[in-house]
Structures are given as structure tokens and as C-alpha cells.
Amino acid sequence: MMYKKILLLMLALVLVLSGCGMFNQSAASKARTNVYIVDPYGNNLMVDGKINGNTIKADANGLYVEAAIESANVQLAEPLGIFKVKEISVDPKKSVTIILEKSTNKGMKLLRTADGKLMFYAIGYGDTPYFQVWLKDKLSSNAMVGLNEDQMLLAGNWLIGVGKPLGTINNTILKDEIVVKLNIPATKAPEISKFEVITVK
Amino acid sequence: MKGYVRMILVATLLLLSTALLASLTISPLWPSGNTWKVPDKTGPTIIAKASGNMLFLSRDGALYELTMSGALKSYGQVTGITNVVAPATYFTFGGKNYITYVTAQGTAQNRLVVHEASESKKATPTSISSSAYGVVAQVSVTSVYIYTATMDGTVYQVPFDGDLGSAATVTVNAPVKIPPVLSKDGKFLYVMTQNGVLYKIETSTFNNPDDVITLGGEFTVPMAMDEDGYLYALNSSGVLYKIDPSGTERHAGTGLTSSDSAGVLIDGDGSVYVFGGGKVFVFNGVLTNMTPGGYSTGQKITTTPAIVKGTDGVTYVIVPSSASESSGKITILAFNPTVGTLTLERDWEMSSSFPISAAVGVAPVNALNGNYYFATATNDGTVYAWQFDARGPYGIWATYGQNTNHTGFIDAAASLFKTRIKLIAKEGFNGYALGSNFMGSQNYGLLYDATVLNADNTVASSKTNLRTNEEDLSKIPEGVPGSQKLEVKFATPTTSTLLFSGNFKDMMKGKNPPATDSEFEFRMWQTSGSEGYEWSETDNPATLTYRFNDRTVNLFTDATYTFYVYHKYPLTGSNSEATETIDAVFDYNTYKSNPQAATQGATATLDYLSKQWYAFKWNVYQWNPEAPNGLYDYDTYNDRDSISLPIKGPAYIEIYYAQLSSTITLLLPDFAYGKTRAYLFLDAATDAVTYTIEATTLQGITIDSVESAVFDSNVGGYNWESTVTTSNHLKYVFDSIQTPLPGTTRVATLALNLSVPQGVEFSGLNNESFERYFDMYGYAQLRNQQVEPEALRAKKVYEVNHFLYVVGDFNNDFTVDMNDWNFFVDKYGETVSGTDSIYNIGPRERFSGPTPNYSDYRAGILTDKTNKVDNLDLNYFAVMFGFVVPESERVK
């Protein structure tokens with residue numbers, strides 16, 4: 001009888017401890033190295049790719065790979081458009097920082113931010129006050145951003161455009177270097193299908 | 001009027017209406033009155049027979065029949081009989097009628113007697129060892145067994161085959177002062193001794209009585225048995241026992257101080273009635289007193305009452321009582337189980353007392369019209385009988401000896417009280433009962449075969465090809481509640497003519513319209529509610545239980561209705577007409593939760609004899625017994641290629657065609673309010689030579705302008721004669737004969753700016769509804785076309801396009817982009833009017849943005865009255881920004 005009681009007690013103990021995750025060694029042992037992809041304007045981006053074969057992922061704490069990285073072999077799968085990688089620095093087992101720089105003096109690009117939104121870049125269009133770009137992918141919501149006293153950006157559905165301003169605008173974003181974070185959730189950076197200049201009579 | 005006066009009036013009216021609604025209509029049974037004294041005879045038993053004739057057995061063994069014609073027939077007297085105490089029992093065997101009874105006489109030899117109830121005056125007595133109080137008669141086709149038990153503890157089983165045979169006996173070792181009870185299946189006889197020991201005796205062997213249970217007290221009044229075989233016995237101290245013959249019991253004090261001389265009764269709802277000390281109480285099946293106050297007659301209840309059910313739905317109990325040898329009364333009490341009362345309905349005083357033998361009898365005078373009567377008698381030989389609007393005995397044991405014949409067990413064969421189960425077949429769309437009112441006197445309802453089954457599942461009777469929804473009560477099989485069941489089986493669908501008959505058929509066109517238009521067949525039972533079937537909804541055959549009240553049970557049908565379509569073309573000869581029949585099937589199981597979803601389409605034949613036609617007029621007649629004309633709905637439709645009708649009945653459809661020379665199409669947005677863009681097209685057929693477009697706006701809608709008018713170069717480009725006569729009318733004519741069109745051509749496209757004074761939702765409207773707002777006319781004359789005046793017009797088509805108006809698309813390029821934004825910004829903050837009103841785009845009702853799919857877009861209706869372009873408008877623009885109407889959806 002006593003033998004049975006001891007057996008039952010042990011069984012209960014095993015069940016309780018397993019519920020606490022004590023035996024869940026695999027989850028506890030996963031390594032994490034933070035990843036920072038930074039555009040020339042200091043914005044943290046999310047770009048699909050791998051570091052030493054480990055997929056770059058994102059969560060609430062930012063980008064990371066599930067590996068202890070001591071030296072980084074970075075392969076970005078997503079086109080960077082008007083940017084290119086300038087520098088990769090590694091703090092062993094802690095972080096990998098990828099610094100981007102402009103690769104051209106004129107162009108447009110949409111990229112995702114590390115917190116799951118969108119960055120819109122229009123570089124070198126200072127001589128084109130009003131324009132719009134049609135997207136291949138539909139935006140999940142819409143956004144309006146006053147750029148400067150002469151320009152306003154609208155984004156929604158399949159379009160991002162820059163046109164006349166509305167109301168008082170305090171931003172001073174340069175016409176020739178429009179860099180705007182759009183509060184539009186995205187799991188993929190939409191591709192641009194067509195650029196149109198808007199003329200005003 | 002003062003408040004209290006009004007209250008008194010209302011209360012009085014309520015009381016009066018209650019009294020009127022809940023009362024028995026009672027009248028004397030005989031033309032001569034309600035009494036009939038048989039000379040020189042006393043202490044009788046009355047056997048109430050169907051039709052109103054009754055048997056009268058005097059205490060000294062003289063048998064008479066009192067007939068409704070007023071004749072008193074004497075059936076003789078058995079010698080040596082001096083004291084019959086318990087009621088006699090009546091049975092029929094070998095085509096002859098008998099009563100049987102036992103004596104309880106002090107000095108002379110006691111007897112069990114079988115006395116033929118006829119003027120042949122044959123009676124056969126046999127001796128029994130002591131006084132006895134009641135018999136049981138078990139009758140089959142081949143034999144009769146009579147049971148009794150005596151005060152010296154002897155139980156008799158006496159066979160009878162026209163003569164009494166040798167008795168088998170067993171002893172129960174104590175006096176028995178009440179009649180035995182036979183089990184429902186006849187296999188066991190239950191005998192309660194005076195000192196409370198219940199014995200069970202197997203009737204097939206009739207030996208070794210089994211001592212089932214011993215109860216407390218003395219038992220001197222008859223027991224009752226319920227449908228489940230429980231016995232109810234009342235002792236002389238007023239304790240009521242409910243006994244399971246397997247050997248258990250429960251009991252309750254009734255509040256009675258004695259048991260008087262009346263047996264326990266059970267009504268059709270299972271309520272148990274006990275009588276004693278002049279009082280009446282009613283208990284439920286678990287022996288809870290339902291009538292705490294009971295009812296006191298103030299006299300001893302000296303014989304067993306009877307329970308009946310009034311046509312008013314009230315349960316009544318008829319209670320004879322005696323105050324002294326020369327004083328008695330009959331009291332009719334109304335039982336209200338809801339409030340727990342027994343209230344006085346009627347009473348009559350008598351100048352004599354009621355003997356134990358004169359248990360109240362109830363039988364039909366004319367069961368078909370619902371007239372029953374009750375009868376009892378006083379010690380001085382006077383019979384009392386009334387007919388009334390009540391039926392009975394109402395209950396599994398609602399009179400002495402269970403049934404009017406007093407056979408002493410749950411005896412379907414002896415019961416004169418039968419009930420009916422009325423089956424009501426209904427169609428599923430509206431739930432109309434398929435009665436003769438809709439279907440005629442020949443083919444109403446559904447055909448079914450019926451078998452009445454006894455408790456042992458032997459067949460009592462059977463009939464074929466009965467009809468549900470039967471009004472003739474004689475055609476509804478009756479059964480004995482508590483023991484018989486009704487098995488019904490549906491096999492043959494019922495065909496009927498609901499619409500295509502009489503004057504309507506005379507009106508129908510085409511050769512040989514169908515003779516029948518509807519077919520119904522059983523699908524399932526209603527299984528809920530008071531008119532539901534008690535088992536599985538798809539049972540067929542199905543077994544239904546007879547209850548103590550007539551039942552109505554509903555069932556639902558699948559229906560197949562004929563849609564008879566007559567096509568009329570403007571041709572000569574036999575080609576001018578064509579007909580077709582469409583079977584519209586209402587599958588009850590599919591549509592039972594949403595009958596309105598049951599629809600059947602009818603389609604015009606537009607390609608006929610190698611020519612194109614259009615159906616410019618539809619006349620549709622569909623069966624609807626609730627229509628003002630009592631037979632059908634009538635609707636007309638114009639310019640439809642097809643229609644959809646509810647599957648609610650047969651339909652007759654006339655379609656009139658014209659040769660398709662042109663189509664005039666009005667294209668509208670799904671919502672319109674204020675300035676609204678619309679398009680008008682005229683498409684003409686090959687060989688067309690002249691053209692007309694005409695439109696009138698109604699309901700206050702105006703034509704502000706014709707934005708553009710584009711005409712095909714084949715018909716003169718822009719060289720049409722045109723007239724916009726008023727703000728609500730336009731007309732374009734081209735009647736200079738040109739070269740016939742080489743093919744179907746859109747000859748005119750007009751872009752209209754309408755003004756709609758009140759919001760209108762065009763989406764979902766049918767042609768007839770559109771025509772409340774627009775009166776269109778178009779025409780294209782074909783070369784060599786022979787045209788009937790009625791067909792001298794284009795086919796009219798109304799279309800709705802969700803993208804005719806795109807919120808935020810100010811330059812009408814089907815996109816909402818930065819060009820529109822730049823326009824909008826210029827007007828932001830302004831109060832706009834005229835052409836600038838387009839910038840006032842919000843707020844809107846029923847607006848839906850193009851998310852997640854472009855097809856979700858709905859412009860809705862502008863509700864803003866300020867005409868100010870502000871933040872509310874900006875919100876709508878932001879939602880629409882970046883939207884592009886797909887090429888396929890753009891109006892060209």
C-alpha cells in the first residue's frame with residue numbers, strides 16, 4: 001500500500017514539473033541574436049533575408065535570428081531598390097547591424113519597418129512637386145502625411161501620391177528627399193508598378 | 001362613470017362570460033322528463049347502454065329495459081334473489097346480451113347470476129359460498145370468465161358459454177368486500193381482502209394466490225387501476241394507496257375521515273378522485289392533494305360517481321349522495337386542476353337515497369353529435385337520467401367497474417367512450433391545411449390506411465384510403481383511450497386541382513391545360529406542441545396513442561405544383577402558340593425553416609423559330625386562397641426574360657412576345673440622391689432603319705442636362721432630331737430611312753445628369769419598381785417588319801452599376817487619385833454649390849469602401865445638408881483614395 005502511495009506521489013510530481021516547463025529543454029536553449037537593418041535616415045527596417053542561413057524574423061522586440069552569430073554572412077532576399085548595404089557589424093552572439101546607404105540619386109522605394117509598418121522613399125524628385133505611384137499590391141489602410149508647406153502625401157488602396165497641402169503643415173521634409181513612415185500595417189513591402197507626374201492647371 | 005362602478009361592471013361581465021363559457025347544457029333524457037319510476041322495485045343497478053336505452057336490475061333480481069321510446073320491457077326475475085348490493089356487470093357474448101351479478105343476502109343462499117337481457121327470460125344462477133360485492137367479466141370471442149370474491153375469503157372463476165360452467169376457486173383467508181380487478185392483459189386477478197392484503201392470482205391456472213402486499217386499515221370500497229397498471233385503494237380511515245402489483249406502495253392521507261361507499265376513480269388526465277364522509281378530493285399521480293379544500297356534499301356518497309368531460313373542456317364529476325333513507329341528491333362538480341377547486345355546477349334533490357348498486361352510468365345517446373347521458377337510480381326504484389354536452393366516462397377508470405358495462409378491468413372492448421385522432425396535413429409554404437375548402441370534396445388531404453390496435457397489438461379494426469383533414473367524423477377511426485392505438489400509413493400521393501378548374505380553366509389558353517395542378521405526399525410529422533406526434537417525425541407507418549380527449553395531429557407534406565406556361569408569339573398559325581409545364585417542387589425538409597426561399601423560375605423562350613424575341617408582357621396567376629378573389633394572385637410583369645415565383649401553389653403564366661427590334665437601357669447608380677449621372681442606350685437589331693428614344697422622369701426626378709449624346713455613324717452620327725421638351729422629358733428621333741443596320745448596333749448613348757429630390761436605392765428593384773421613377777420608350781423599325789401595335793416598342797432594360805458614381809472621382813476618370821485630390825484641396829473649407837457640389841461627398845448612408853474587394857464598394861446616399869467641404873468629406877476621400885474601377889466595370 002505504501003509502495004503504491006509513493007508511486008502515485010512521484011507521478012503527480014512529474015506531472016506538476018512537466019507543466020512548469022522544467023523538462024522543456026529545447027525552448028529554453030534557443031539562441032537569439034538581434035538584427036538591426038538601418039536606412040541612411042536612421043530608421044530600423046525589416047528586410048527578408050538570412051544570416052548564416054538563419055531566417056531574419058521580427059517580433060515585438062525587433063529583428064532577430066535564432067542563432068548565436070559570431071561572424072555574419074548576410075543574404076538579403078528582398079530588393080533594396082535605391083539602397084545598398086554599406087556595412088555589416090557583429091557584436092558576437094548579441095547583435096548584427098546592417099547599415100544601408102543610397103545607391104542612386106533618384107528613385108522611389110517602399111520598405112517595411114521593423115515594427116511592421118511602411119517607409120516610403122522618393123529621392124531626387126524635388127523638381128516634381130506633384131506625383132503619384134501606383135502599387136502592385138493593395139495597401140491595408142490609408143494614411144495622410146503633411147510633408148512640408150507645399151506638399152502632402154496620401155496613401156491608400158493601390159496608390160501613394162504627393163499633392164497639394166491641406167491645412168497647416170509643420171513638417172519640413174525636403175521635396176528632393178521625401179522619407180516618410182506610413183502608419184499602414186504591412187507584411188510585405190508593396191512593389192511600385194507605375195509613376196505618374198501630376199500637373200495642375 | 002366612477003371607477004368602482006366600472007370595476008364592478010367589468011367583474012360582472014367577466015363572471016358572466018366565465019359562467020357562459022364553462023357550464024354544462026343539461027336536459028332530461030326522456031321527453032317525459034328526467035325521472036322514470038319502475039313500479040314496486042327498489043335498490044336497482046342501472047346499465048347505461050349506447051343510444052339511451054338502459055337496463056334496470058332491481059335488488060330482488062328483476063331485470064327490465066327502459067327504452068328511449070318510452071317502453072318498459074320486462075326480462076324476467078330470478079327466484080331466490082333478495083339482495084343485490086353491488087352494481088351488476090353487462091356483457092355481450094354469442095350475439096346475446098347478459099348481465100351478471102352477485103348477491104349479499106343474509107339468510108338465503110348467495111348466488112352468482114347470469115341473466116340474459118332479452119324477453120326470452122333466460123337466467124342461470126350458481127351458488128356461491130357467501131355474500132359478494134361485485135363481479136368481473138372477461139369476455140373473448142370464445143369464452144367468458146366471471147370472477148368474484150366472497151366474505152368467506154373464496155375467490156371464484158366461473159366460465160360461461162351460454163350456461164354457467166363449474167367454478168374454480170381459491171381461498172384468500174379473509175373476507176373480501178370489494179370487487180376484484182383484472183389486469184389489463186387479463187392474466188392476473190387482483191383481490192383485496194377487507195383487512196388489506198392484496199393477492200394476485202394467475203387466471204390461466206387459478207390456484208396459489210400470491211400475497212403481494214399487506215396494507216393498513218379496512219378496505220370496503222372498489223379499487224381503480226391506471227394505465228400503467230398501478231392499483232389505487234382507499235381504506236376506511238381515508239388513506240389512499242397507490243400499489244405497484246410487483247409489491248410496493250406509496251400512500252397518503254386524504255383528509256377523508258371515512259370511505260363511504262364510492263369507489264376510487266381516475267380521470268383522463270390521471271387525476272385520482274376519492275370520496276368519503278360526504279367529501280370529494282382529487283389527487284395527482286404521486287398522491288399530492290390537488291384540491292386542498294375538497295368539496296363537501298353534506299351527505300354520504302353512497303354509490304360510485306362518474307367523471308365526464310364537458311364540451312367546454314371542463315372535467316365534471318357526477319356525485320350521488322344520500323342524507324337518509326328518504327333523502328338524497330345528485331351533485332355535479334366542476335374540477336379546476338389549475339386552481340385546485342371543485343365547484344358546484346348543478347345539483348338536484350331527491351326524495352330517496354342512492355343504493356351502492358346505482359353507480360352512475362354514462363353512455364352516448366348519439367356519439368356523433370356529442371350527446372351523452374348519465375343515469376343513476378334511488379332506492380325507491382326511480383331512475384334519473386339527463387343528457388348533456390359532455391362525454392364519458394372520461395378517464396381510464398372514470399366509473400364503477402372501469403367502463404359503462406362495469407366489466408372490472410381496463411377493457412377496450414367494453415368501453416363506450418372512444419376518442420378520435422384527427423390528422424391534419426398541411427402544405428409547407430403557408431401552412432395551409434389541405435382541407436376540402438381548398439381541395440374540393442373529393443380529393444382533400446392525404447390518403448392513408450388506418451389500423452386500430454388493441455393493447456396486445458391485435459387488430460381491432462382497419463380501414464383503407466381514409467383521408468386526412470376529414471370533416472366527416474364517421475370517417476375518422478375511433479379508439480379507446482388508455483388501451484388502443486392507431487397505426488397510420490401513407491402510401492399514395494394525393495393529386496388535386498387547386499387552380500386549374502371551373503371558370504379559371506375556361507380562361508386558360510393553349511391546348512389541353514393540365515387537369516390537375518398539385519400533388520401532395522407525406523413528409524414528416526409535427527412533433528412539438530399540443531398537436532404534435534409523439535415519436536419520430538418521419539415515422540411511416542406511425543403509431544399514435546388514443547387519449548381521453550380527441551386529438552388533432554399535424555403533418556407536413558412535400559408538394560409538387562404545376563406551373564403551366566403559355567407562350568404567345570405574334571405569328572400566324574400553329575406557331576403562334578406554345579405551352580410547357582414546369583414541376584415546382586416544395587421539399588418540406590429543405591425549406592421548413594425558411595419557406596420563402598422556395599422559389600421556382602419560369603423563363604421566356606427568346607430564341608424561337610430562328611428569330612429573337614422579347615417577352616414584353618407576363619400575366620401570372622398563382623393559387624392563393626387568401627387573395628381578395630379567394631383563389632389566386634394576379635401579377636403582370638413587363639420586359640422580363642424570366643421571373644421567379646414562390647412555390648406556394650400552382651401557377652398559370654402567359655408570356656406575350658414581340659420580335660426584338662431594339663433594346664432601350666437605362667443605367668443608374670445603385671443609390672441616387674441629388675445630382676446623379678445616368679445613361680440611356682438604344683441597341684437596335686439587324687435591319688433596323690428608324691429609331692426613337694423617349695424618356696420621362698417621375699416622382700420629382702428631373703433631367704438637368706444631357707451631358708453627352710453619341711450616335712453611331714451608321715445612323716447619322718450626330719444628325720438626329722432631338723428634343724428635350726421639359727425638364728422631365730426627352731425625346732430623340734431618327735426617322736430618315738437609312739441603309740438597314742448590318743448587325744446589332746448600339747445606335748445611341750446618352751449621358752444624363754439627373755436630379756433626384758429624395759434618396760432612392762435602385763439596387764434590387766424590379767422593372768415595375770423602376771417604372772415608378774421612369775417611363776421609357778424606345779423603338780426601332782426593322783425593314784419589312786410586320787408589327788402589332790402593342791409590340792411597337794423596344795425592350796426595356798433597367799440596370800444598376802455600382803461604379804457609375806465613384807465617391808471622390810471628381811474628374812470622372814474612374815480613379816480617385818492625386819488629380820482629384822488637388823481639386824478637392826482647392827475647395828476644402830468652402831461652402832459649395834452648383835457644379836462644385838460634387839466636392840461635398842460626406843457623410844453618407846450605406847456607404848461601403850472598396851475594401852477588402854473592389855466589389856464591396858457602394859456609393860450610398862449623401863446625407864450632408866451643409867454643402868461645406870470639410871473634414872467629413874476628407875474622411876470619405878481618404879477611404880476612396882487610390883481606388884480604380886476595373887475596366888470591366890466601367891460604363892463605356
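Residues numbered from 1 in each chain as written. Chains lettered and ligands numbered in written order. Predicted model: local features only at pLDDT ≥ 70, side-chain atom pairs only at ≥ 80, totals over all residues.

J.: For this particular structure, what's the right way to read the overall build of chain B?
T.: Of the regular secondary structure elements, chain B holds seven helices and 61 strands. Taking all 892 residues of chain B together, the buried fraction comes to 48%. In chain B, of all internal contacts separated by at least 6 residues, the share reaching a separation of at least 24 is 61%. (Helix = DSSP H or I, 4+ residues; strand = E, 2+ residues; numbered from the N terminus. Buried ≥ 20, exposed ≤ 12 C-beta atoms within 10 Å, placed from the backbone. Contact = placed C-beta atoms within 7 Å.)

J.: I keep staring at the overall build of chain A and nothing clicks. Help me out?
T.: A count of helices and strands for chain A gives two helices and 17 strands. In chain A, which comprises 201 residues, the proportion classed as buried is 26%. Expressed as a percentage of contacts within chain A between residues at least 6 apart in sequence, the contacts between residues at least 24 apart total 60%.

J.: I keep staring at helix 7 (residues 871–880) of chain B and nothing clicks. Help me out?
T.: In an α-helix, one turn spans 3.6 residues; hence positions three or four apart end up facing the same way. Among the residues of helix 7 of chain B, those classed as buried are D873(B), Y876(B), F877(B), A878(B), V879(B) and M880(B). Lining the buried residues of helix 7 of chain B we find strand 13 (143–148) and strand 14 (151–156) of chain A together with helix 6 (818–827) and strand 60 (844–845) of chain B. At the exit of helix 7 of chain B stands G882(B), carrying a positive phi of roughly 90 degrees.

J.: What's the story with the nonpolar core in this structure? I'm lost.
T.: Nonpolar side chains in soluble globular proteins tend to end up buried together. Within the largest apolar cluster, 179 residues are counted, with the highest numbers of intra-cluster contacts made by I653(B), L682(B), Y691(B) and A748(B). Counting residues in hydrophobic clusters, the runner-up holds 133 residues, among them W36(B), V135(B), L231(B) and I330(B). (Core = buried A, V, L, I, M, F, W, Y, C linked by C-beta atoms within 7 Å.)

J.: I'm lost on the environment of P209(B) in this one. Help?
T.: Residues and elements named next belong to chain B. Secondary-structure assignment places P209 in the loop between strand 17 (197–202) and strand 18 (210–214). The class of P209 is buried, set by 21 C-beta atoms lying within 10 Å. Taking the C-alpha atoms as reference points, P209 and V155, separated by 54 residues in sequence, lie 9.5 Å from one another. Once residues within four sequence positions are removed from consideration, P209 is found in contact with V155, V170, V172, Y199 and I201.

J.: Teacher, can you tell me more about the confidence of the model for chain B here?
T.: Detailed reading of the predicted coordinates is not advisable wherever pLDDT is low. Looking at chain B as a whole, the pLDDT averages 92, with 95% of positions reaching at least 70. Model confidence for the complex is summarised by a pTM of 0.68, with the ipTM given as 0.85. (pLDDT = per-residue confidence, 0-100.)

J.: Explanation requested: the sheet that holds strand 18 of chain B in the structure shown.
T.: Strands in a sheet are paired, the pairing made by backbone hydrogen bonds, and the direction either parallel or antiparallel. Residue and element names in this part refer to chain B. Within the open sheet, the four strands sit side by side as 15-16-17-18. Their pairing is antiparallel. With one partner strand each, in any of the chains shown, strand 15 (181–182) and strand 18 form the two edges of the open sheet. Sheet topology note: the strand 16 (residues 188–192)/strand 17 ladder contains five bridges and is antiparallel. Bridged to Y190 within strand 17 is K200. (Pairing = 2+ DSSP bridges.)

J.: What is the right way to read the interface of chain B and chain A from this model?
T.: Size of an interface, as often reported, equals the accessible area lost when the parts are brought together. Facing 14 residues of chain B, the contacting portion of chain A comprises 15 residues. The set of elements that each furnish at least two residues to the side of chain B that touches chain A consists of helix 6 and helix 7 of chain B. Take the side of chain B that touches chain A: its biggest share by element is five residues, from helix 6 of chain B. Counted by class, the side of chain B that touches chain A contains 10 nonpolar, three polar and one charged residues. (Nonpolar A, V, L, I, M, F, W, Y, C, P; charged D, E, K, R; others polar.)

J.: How do you make sense of the environment of T560(B) when you look at a structure like this?
T.: Residue and element names in this part refer to chain B. Its location among the elements puts T560 in strand 43 (residues 551–568). Among the residues examined, T560 registers 19 C-beta atoms within 10 Å and is labelled partly exposed. As a C-alpha pair, T560 and S518 span 42 residues in sequence and 5.7 Å in three-dimensional space. Sequence-distant contacts of T560, that is, excluding residues within four places in its chain, are made with E519, D583 and V585.

J.: What should I look at first to understand helix 6 of chain B in this one?
T.: Residues and elements named next belong to chain B. The element helix 6 is extensively covered by neighbouring structure, given that seven of its 10 residues are classed as buried. Restricting attention to buried positions, one finds in helix 6 the residues M818, N819, D820, W821, N822, F824 and V825. Immediately beyond the C-terminal end of helix 6, within one or two residues, lies G829, with a positive phi of roughly 90 degrees.

J.: What's the story with the pairing of strand 42 (residues 542–545) of chain B in this structure? I'm lost.
T.: Side-chain direction in a regular strand flips from residue to residue, so the side chains alternate between the two faces of the sheet. Residues and elements named next belong to chain B. Here strand 42 shows one buried face, formed by A542 and L544, and one open face, formed by T543 and T545. Two strands pair when backbone bridges link them, and strand 39 (residues 485–490) and strand 42 are joined in this way by four bridges, in the antiparallel orientation. Bridging across to strand 42, V488 finds its partner in A542.

J.: I'm lost on the sheet that holds strand 25 (residues 279–283) of chain B in this one. Help?
T.: Residue and element names in this part refer to chain B. A sheet is described by the order of its strands in space; here four strands give the open sequence 23-24-25-26, paired in antiparallel fashion. The sheet terminates laterally at strand 23 (265–266) and strand 26 (295–296), the two strands that pair on one side only. Bridge count between strand 24 (residues 272–276) and strand 25: five bridges; the pairing is antiparallel. Bridge pairing links V274 to F281 in strand 25.

J.: What am I meant to see in the pairing of strand 41 (residues 518–525) of chain B here?
T.: All names here are of chain B. Of the pairings in the sheet, the one linking strand 40 (residues 494–496) to strand 41 comprises three bridges and is antiparallel in character. In the sheet register, S496 faces strand 41, and the bridge partner there is S518. Where strand 41 lies against strand 43, seven bridges are found, and the strand directions are antiparallel. By the bridge assignment for strand 43, M524 is matched with F556.

J.: Before we go on, may I ask you to explain unusual backbone geometry in this structure?
T.: A negative phi holds for most residues other than glycine; trans holds for most peptide bonds. All names here are of chain B. The linkage connecting G392 with the following residue, P393, adopts the cis geometry, with an omega of 0 degrees. Mapped onto the elements of the fold, P393 is located in the loop between strand 34 (390–391) and strand 35 (419–426). Between N540 and P541 the backbone carries a cis peptide bond, its omega angle lying at 10 degrees. Tracing the chain through its elements places P541 in the loop between strand 41 and strand 42. Of note, the phi angle at N457 is positive, near 70 degrees, even though the residue is not glycine. As for its placement among the helices and strands, N457 is situated in the loop between strand 36 (447–453) and strand 37 (459–467). One non-glycine residue, R846, lies in the positive phi region at around 60 degrees. For R846, the location among the structural elements is in the loop between strand 60 and strand 61 (861–862).

J.: Is there a simple way to explain the confidence of the model for chain A in this structure?
T.: A residue-level look at chain A finds 86% of positions with pLDDT of 70 or above and a mean pLDDT of 88. This model gives residues 13–28 of chain A a pLDDT under 50, and the stretch forms three contacts once residues within four places in sequence are excluded.

J.: Would you mind going over the environment of V197(A) with me for this structure?
T.: Residue and element names in this part refer to chain A. With respect to the secondary-structure elements, V197 resides in strand 17 (residues 192–197). When the 12 C-beta atoms within 10 Å are taken as the criterion, V197 is described as exposed. Expressed as a C-alpha distance, the spacing of V197 and Q132, which sit 65 residues apart in the sequence, is 6.4 Å. Setting aside residues up to four positions removed in sequence, V197 forms contacts with T128 and F131.

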